[in-house]
Amino acid sequence: MTSPRLSFRASLRQAWRGLTSMRTALVLLFLVAVAAVPGSILPQRPLNPFAVDRYLADHPTAGRLYDRLGFFDTFAAPWFVGLYALLCVSLVGCLIPRIRLHLRALRAQPPAPPHSFARLPCRVSAVTALSPDEVAAAAQRRLRTRRWRTRSRGGGSTASVAAEKGYARETGNLVFHVSLLGVIAGVAVGALFGYEGRAIVVEGTGFTNTAIAYDELKPGRARGAADLPPFTLRLDEFEAVYATDGQARDFRADVRYSPGLTEPDRRATLRVNHPLSVAGSRVYLLAHGYAPHIVVRDKDGAVLYDSVTPFLPQDGSFLSTGVVKVPDVRPGLPQLGIRAAFLPTVDVARDGRLRSTSPTPTAPALTYEAFAGDLGLDSGRPQNVYELDTRGLTSTGGGLLLPGETSRPLAGGATMTFVGFREWVNLQVARDPGQRVVLLAAVLALAGVVTSLRVRRRRVWVRATAAPGGTVVEIGGRSRRDADAFAVEFGRLAADLTKLLPGPVAVPADATEEMHP
Amino acid sequence: MTADPDLAAASDWLLFGAVLCYVVAMLGYAAELAFGRRAPDGPAPIAGGSTDTLPAEWVSERAARRVARHGGERGWPTAVGKAAVAVTVLGWLLHNGSLVTRGLAVERVPWGNMYEFSSAVCLAAVTAYLYLLTRQPVRYLGAFVMLPVVVYLGIAGTVLYAPAAPLVPALNSYWIKIHVVAAMTSSGIFMLGFAVTLLYLARESWERRHPEVPEVGAGAASRVRFPAASTLDTVAFRVNAFAFPIWTFAVIAGAVWAEAAWGRYWGWDPKETWSFITWVVYAGYLHARATAGWRGRRAALIGVAGFTALMICYYAVNLWISGLHSYAGV
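## Re the overall build of chain A
When you go through chain A residue by residue, the secondary structure sums to 10 helices and 22 strands. Taking 24 Å as the expected radius of gyration for a compact globule of 517 residues, we find that chain A reaches 37 Å, considerably beyond that expectation. Overall, chain A is about 125 × 70 × 50 Å in size when its C-alpha atoms are taken along their principal axes. Intrachain contacts of chain A at a sequence separation of at least 6 include 63% that bridge at least 24 residues. About 25,900 Å² of surface is accessible on chain A, with carbon and sulfur atoms providing 57% of the total. Each charge class in chain A was averaged separately, 62 positive and 44 negative side chains, and the resulting centres sit 16 Å apart.

## Quick word on the packing of helix H5 (residues 78-107) of chain A against helix H7 (residues 168-193) of chain A
Residues and elements named next belong to chain A. One way to put it is that H5 packs onto H7 with a least axis distance of 11 Å and a crossing angle of 145°. Here H5 runs over H7; the crossing is left-handed. Taken together, the residues of H7 that come into contact with H5 (itself represented by Cys88, Leu91, Val92, Leu95, Arg98, Ile99 and His102) are Glu170, Thr171, Asn173, Leu174, His177, Val178, Leu181 and Ile184. Its residues assigned to classes, the contact of H5 with H7 shows 9 nonpolar, 4 polar and 2 charged.

## Let's talk about the sheet that holds strand E1 (residues 122-128) of chain A
All names here are of chain A. The strand order across the open sheet built from 5 strands is E1-E22-E21-E3-E2, with neighbouring strands paired in antiparallel fashion. The sheet is open, and its two borders are formed by E1 and strand E2 (149-155), each paired with just one other strand. When the angles between neighbouring strand axes are averaged without regard to direction, this sheet yields 15°. In the sheet, E1 pairs with strand E22 (residues 470-479) via 7 bridges, with the strands oriented antiparallel. Bridge assignment links Val127 to a residue of E22, and that residue is Val472. Of the strands in this sheet, E1, E2, strand E3 (158-165), strand E21 (458-467) and E22 touch helix H6 (residues 132-145), which is tilted by about 10° from E3. Contacts from helix H9 (residues 483-499) reach E1, E21 and E22 within the one sheet, and its direction differs from that of E22 by about 160°.

## So, the pattern of salt bridges
A full pass over the atoms with the stated rule returns 28 salt bridges over all chains. Across the pair Glu259(B) and Arg282(A) runs a salt bridge, and its minimum N-O distance is 2.6 Å. With Glu259(B) in helix H7 (residues 229-262) and Arg282(A) in strand E11 (residues 281-297), the pair connects residues from two separate chains. In this structure Arg282(A) comes out as partly exposed when scored by relative accessible area, which is 27%. Taking the shortest distance from any N to any O, the salt bridge between Arg108(B) and Glu116(B) comes out at 3.0 Å. Here Arg108(B) matches Glu116(B) in class, with each residue buried.

## A word on the environment of Arg146(A)
All names here are of chain A. Assignment of secondary structure puts Arg146 in the loop between H6 and E2. We classify Arg146 as partly exposed; its relative accessible area is 34%. In this structure Arg146 touches Lys165, Leu493 and Asp496, once residues within four positions along its chain are discounted. Within polar-contact distance, the side chain of Arg146 engages the side chain of Asp496 at 3.0 Å.

## Let's talk about the state of the cysteines
Residues and elements named next belong to chain B. Applying the stated criterion across every chain yields a total of 0 disulfides over all chains. Between Cys122, a free cysteine, and Cys21, which holds the nearest cysteine sulfur, the sulfur-to-sulfur gap is 14 Å. Note on Cys313: no disulfide assigned, nearest cysteine sulfur contributed by Cys122 at a separation of 16 Å. By relative accessible area, Cys313 is classed as buried at 2%.

## Some details on the confidence of the model for chain B
Residues and elements named next belong to chain B. On average, residues of chain B score 81 in pLDDT, and 80% of them reach the 70 mark or higher. Across chain B, the secondary-structure element scoring lowest on mean pLDDT is helix H2 (residues 56-69), at 49, and the one scoring highest is helix H8 (residues 270-288), at 93. Ignoring residues within four places in sequence, the model shows residues 39-59, a span with pLDDT below 50, making 34 contacts including any to other chains. Between residues 216-224, whose pLDDT stays under 50, and residues either more than four places distant or in other chains, the model counts 9 contacts. As a predicted assembly, this complex carries a pTM of 0.81 together with an ipTM value of 0.81.

## A look at a nonpolar patch on the surface
A cluster of nonpolar side chains, namely Ile99(A), Leu103(A), Leu106(A) and Val178(A), defines an oily patch on the protein surface of about 290 Å² accessible area. Take the nonpolar patch: its biggest share by element is 3 residues, from H5(A).

## Considerations on helix H3 (residues 49-58) of chain A
Residues and elements named next belong to chain A. Taken together, the buried positions of H3 are Ala51, Val52 and Tyr55. One side of H3 holds all its buried residues, which, seen down the axis, span an arc of 100°. Where H3 is buried, its residues touch helix H4 (60-69).

## Structural notes on the packing of H7(B) against H8(B)
Axes are the key here: two packed helices are described by the angle between their axes and the distance separating the axes. Residues and elements named next belong to chain B. Look at H7 against H8: their axes get within 10 Å of each other, and the N-to-C directions meet at 155°. Comparing the axis directions of H7 and H8 gives the class roughly antiparallel. For H7 against H8, the interelement crossing comes out left-handed. Touching Ala236, Phe237, Asn240, Ala241, Phe244, Trp247, Thr248, Val251, Ala258 and Trp262 of H7 are Glu272, Ser275, Thr278, Trp279, Tyr282, Ala283, Tyr285 and Leu286, all from H8. Here the contact of H7 with H8 is built from residues that sort into 13 nonpolar, 4 polar and 1 charged.

## A closer look at the nonpolar core
Formed by 111 residues in total, the largest nonpolar core has its most connected members in Leu141(B), Met146(B), Val149(B) and Trp247(B). Sort the elements by how many residues they give to this core and H7(B) lands first, with 18 residues. Not counting residues within four places of it along the chain, the set of residues in contact with Met146(B) comprises Tyr22(B), Ala25(B), Met26(B), Tyr29(B), Thr88(B), Val126(B) and Tyr129(B). Residues Leu228(A), Leu233(A), Ala248(A) and Val272(A) belong to the second largest nonpolar core, which totals 49 residues.

## Side note on the side chain of Thr498(A)
Note on placement: Thr498(A) falls in helix H9. Separated by 2.8 Å, the side chain of Thr498(A) and the backbone oxygen of Ala494(A) make a polar contact.

## Some thoughts on the environment of Leu286(B)
Mapped onto the fold, Leu286(B) is located in helix H8. Spatially, the C-alpha atom of Leu286(B) lies 8.0 Å from that of Ala299(B), the residues being 13 residues apart in sequence. Look past the residues within four positions of Leu286(B) in its chain and what remains in contact with it is Leu453(A), Phe237(B), Ala241(B) and Phe244(B).

## Examining the interface of chain B and chain A
Contacts between chain B and chain A engage 57 residues on the former and 55 residues on the latter. A buried area of about 4,800 Å², summed over both sides, lies between chain B and chain A, and 63% of it is on carbon and sulfur atoms. Counting every contact that joins chain B to chain A gives 1 salt bridge. Applying the counting criterion to the chain B and chain A interface returns 7 residue pairs in polar contact (both at pLDDT 80 or more). Elements represented by at least two residues in the side of chain B that touches chain A include exactly H2, H7 and H8 of chain B. For the side of chain B that touches chain A, the element with the most residues is H7(B), which contributes 14 residues.

Reading the values: rules and limits
Residues numbered from 1 in each chain as written. Chains lettered and ligands numbered in written order. Predicted model: local features only at pLDDT ≥ 70, side-chain atom pairs only at ≥ 80, totals over all residues. Heavy atoms only, no water. Helix = DSSP H or I, 4+ residues; strand = E, 2+ residues; numbered from the N terminus. Rg over C-alpha atoms; globule rule 2.2 N^0.38 Å. Contact = heavy atoms within 4.5 Å. Areas by Shrake-Rupley, 256 points an atom, 1.4 Å probe, with all protein chains shown as cover. Lys, Arg positive; Asp, Glu negative; His and termini not counted. Charge placed at Lys NZ, Arg CZ, Asp CG, Glu CD. Axes fitted to C-alpha atoms, helices over the stretch in contact; angles between N-to-C directions. Left-handed = near helix turned anticlockwise from the far one by under 90°. Nonpolar A, V, L, I, M, F, W, Y, C, P; charged D, E, K, R; others polar. Pairing = 2+ DSSP bridges. Salt bridge = Lys/Arg side-chain N within 4 Å of Asp/Glu carboxyl O. Buried < 20%, exposed > 50% of the residue type's maximum accessible area, 1.4 Å probe, protein only. Polar contact = N/O pair within 3.5 Å; in protein donor to acceptor, adjacent residues only side chain to side chain. Disulfide = S-S within 2.5 Å. pLDDT = per-residue confidence, 0-100. Patch = residues over 30% accessible without salt bridge, like charges linked within 9 Å, V, L, I, M, F, W, Y side chains within 5 Å. Arc of directions from axis to C-beta. Parallel < 35°, antiparallel > 145°, perpendicular 65-115°, else oblique. Core = buried A, V, L, I, M, F, W, Y, C linked by side-chain atoms within 4.5 Å. Buried area = accessible area lost by both parts, 1.4 Å probe.

Structure follows, in structure tokens:
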């Protein structure tokens, strides 16, 4: 008779045993792999929120379903986090008893030789003039120098040595799995205390490491956006080198920076793959582009818009597109939106369309199309500064401007001037205090997995028994896996051990051959 | 700095020659399989020796070696099989030459785009096969290694072909030597493991359909020319277990490079995600091999899934999914 309390405990124990079983771990591993798939196929909010918005607009039904399932932020979705948390619990539950067992095994003595060597997969025998004790002592010495753990037993008419090797297999296995937990811990430290942000910086302008300076900022969960290490940086010049075919060869950004909030005074050059370290953070050069300087004036010449506006490159020729939004042309007049493209080297294609033939700005030009109406800024729809929502707008025509030129009057008599252009860089600023932990744990995991896959646990026994005509020496061994590789090792070892035996040595012919493979 | 056109052309011709050799070798291996007697496997009678003092799993290997040494293989199919190995080695040399000349032509590592990368992965696979051949009698694998290599090189030389050109700046780092070499090596070895796994699956289902044929010791009556499923399973496991740590290293090196280039070591970029999936599936494979009820067929199917994930990681991600790794000009 069992009390309900006891059976509850029993079922808990059973559930724990089920969770920590290898079978469950395998299923969980497989589920984690499958669960990661949507994260690679669908656009992800943390990587590209606009692509998610576009996907939602293009696929309203499926998109909404995916959104509800968390497919647009897969790796933070509750089911993904839940899965790997379960996997971690299963791992810990599996590791604790195994570590305990292994610690016991590390202290244990090699077991006594089997009653009969006949069942051992590898064995040889010989007859020698040495006494059993002498044989055992010599074999033990030799095995020890070969770094086997040994234990001798008996004495007198029968002496034996038991030897074992390859504990590193399980050690490596455990180190691998514990290190995986270390990797996860390091990732967690980074997510809690690090930060990561991206900002577009135009030539001749500066950047201060504050939340407001970022276009996109992911602050650590435990620190928040207010707690960024202070530093300033100024982009003096950006230079891209291209081959004649337009392929990029090198990018370099000359910057001045200073830890703290003083005027930047130290010089550095940022390049791809060569970040700058400042105030415990690292600054990376991710991307670059052109920023046309555009001025919009109303019909009386008053400046409505004056900005060096970063445009987004669309292809290898750096044809770059951008948008100018002028909400208040004049009370009562429609709002003005301009969709423009910057062409570093303008050219007319055979079909009469304009194109850019090179990313190098040898013949820069700006094409535009102006729109009048309602920009939709008050509609509550999410706004993208690089796109124009033309739903409430009507086109008023377009044209092409060279640097310094001013357009004909657009809507309401306003004009646009293409003053010139500068270049911008996209900087990534990051700090990850968990990074070192992750690297160390990953390297340990690698060392662990190599060890556990290479090393075999194996046992060898030597037994010497006094018999008429000399001492019979039996050498036998077994390995739980990789039997043929062990057979080779055993052959060498047995040859080495039998060499210790002086006097009339008889070794079965069959075994001799295998000893010298 | 532009590519040397003569060297680049030499590289293309060398690769063409290598593919030709591989095709010829594949036909040779296939002829041996089709017309030869069964592969040396199982306890073939050992002349003059008694087998009763030897373990079963030792005997097969030992017997195989002895049979291989002492004329267990005779007849023209065996000669064709051996010639196929020689042609494979010739193709391998040409293949190496192709990579070296390509590297010299562009004065950089010859694995800067998908075409070069695919070629190098195939070279790794052929190298792994030839190496395995020096350790174990695995000539029966020849045709099954040559087939994917030829298909792969064919696709690489046509669809993925890119003319010799210098590297895009993002790839201009010494990490390309570390991360990409590890990725290529492990992929080539996984490819070999995949070929063995498929053979295992075929052989395993054949064995289940023909329970009357004993697994070992079938002797001359057997028409089976492949080793027993259990032998294939062991070979597949060893090959995959050899590649797994290299793949692990490739992923770690990739993370270190990503940190230097993009400011974070891991960002769930599609390439990173699929390398993670590949890693997890192969980790599952290694575990399955050690778990009762998952050994054998199920584990092999996981191995197939792992290689599929690897292929998605290389090709689907580069060709159809846009991400940070979408530079390597197709």
